[in-house]
Amino acid sequence: MLFKNYMEEAVETTLEEVLARKDDVCKCDRCKMDIKALALNNLPPKYVVTDIGYVYTKANELAAQFKTDITVAITNALKTVSKNPRH
Ligand SMILES: [Zn+2]
């Protein structure tokens, strides 16, 4: 069994989608990690116990459910990081 914060996977998936649509932002690992950390700090954690392999499916369900909140948190984090990149 696995103890997991689904929100992490949801943010990861959504971040890739948001970045794929943007050409004017840095996509280096440092900036992506900073955006992810900032976004996660502004989203409620969703801890669950699950089977390995089930996490991704469940994360997608969660992402759909909270898509708007996640996208807003990522967009805000992206603005903050773009203004003051640490790479
Ligand atoms: Zn960067």
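Parameters and conventions
- Residues numbered from 1 in each chain as written.
- Predicted model: local features only at pLDDT ≥ 70, side-chain atom pairs only at ≥ 80, totals over all residues.
- Heavy atoms only, no water.
- Patch = residues over 30% accessible without salt bridge, like charges linked within 9 Å, V, L, I, M, F, W, Y side chains within 5 Å.
- Areas by Shrake-Rupley, 256 points an atom, 1.4 Å probe, with all protein chains shown as cover.
- Salt bridge = Lys/Arg side-chain N within 4 Å of Asp/Glu carboxyl O.
- Helix = DSSP H or I, 4+ residues; strand = E, 2+ residues; numbered from the N terminus.
- Expected span 1.5 Å × (residues − 1).
- Buried < 20%, exposed > 50% of the residue type's maximum accessible area, 1.4 Å probe, protein only.
- Arc of directions from axis to C-beta.
- Axes fitted to C-alpha atoms, helices over the stretch in contact; angles between N-to-C directions.
- Parallel < 35°, antiparallel > 145°, perpendicular 65-115°, else oblique.
- Left-handed = near helix turned anticlockwise from the far one by under 90°.
- Contact = heavy atoms within 4.5 Å.
- Nonpolar A, V, L, I, M, F, W, Y, C, P; charged D, E, K, R; others polar.
- Donors = N, O, S within 2.8 Å, 3.2 Å for Na, K, Ca; no water.

**Re a nonpolar patch on the surface**
- Together, Met1, Phe3, Tyr47 and Val49 make up an exposed nonpolar region whose accessible area comes to about 530 Å².
- Turning to its location among the elements, Val49 is positioned in strand β2 (residues 47–50).

**A closer look at the pattern of salt bridges**
- Scanning all chains against the criterion turns up 6 salt bridges.
- For Glu12, the salt bridge is made with Lys36, and the minimal N-O distance between the two is 2.7 Å. Here Glu12 is found in helix α1 (residues 6–20), whereas its partner Lys36 is found in helix α2 (residues 29–41), with 24 residues between them in sequence.
- Its salt-bridge partner being Asp34, residue Arg86 comes within 2.9 Å of it at the nearest N-O pair. Here Asp34 lies in helix α2 and Arg86 lies in the segment after α4 (67–83), a separation of 52 residues in the sequence.

**Observations regarding α4**
- Over its 17 residues, α4 runs 24 Å from end to end, which matches the ideal 24 Å to within 8%, given 1.5 Å per residue.
- If you check which residues of α4 are buried, you get Ile70, Ala73, Ile74, Ala77, Leu78 and Val81. With its buried residues spanning 140° around the axis, α4 presents them on a single face. The exposed residues of α4 that point more than 90 degrees off its buried face are Thr68 and Lys83.

**Regarding the packing of α2 against α4**
- At a minimum axis separation of 8 Å, α2 and α4 run at an interaxial angle of 130°. Taken together, α2 and α4 sit at an angle that is classed as oblique. At the point where α2 passes α4, the crossing takes the right-handed sense. Within the contact between the two elements, α2 uses Cys31, Asp34, Ile35, Leu38 and Ala39 and α4 uses Ala73, Ile74, Ala77, Leu78, Thr80 and Val81.
- Looking at the contact of α2 with α4 residue by residue, the class counts come to 9 nonpolar, 1 polar and 1 charged.

**A closer look at the coordination of the zinc ion**
- Protein-derived ligands of the zinc ion are Cys26 (SG), Cys28 (SG), Cys31 (SG) and His87 (ND1), with the metal-ligand distances lying across 1.9 to 2.3 Å.
- For the zinc ion, all donor residues lie on one chain, and their spacing in sequence is C-x1-C-x2-C-x55-H.
- Judged by relative accessible area, which is 2%, Cys31 ranks as buried.

**Description of the side chain of Thr14**
- Among the secondary structure elements, Thr14 is positioned in helix α1.
- Under the relative-accessibility criterion, Thr14 is labelled buried at 1%.
- Other than its neighbours up to four places away in sequence, Thr14 contacts Lys67, Ile70, Thr71 and Ile74.

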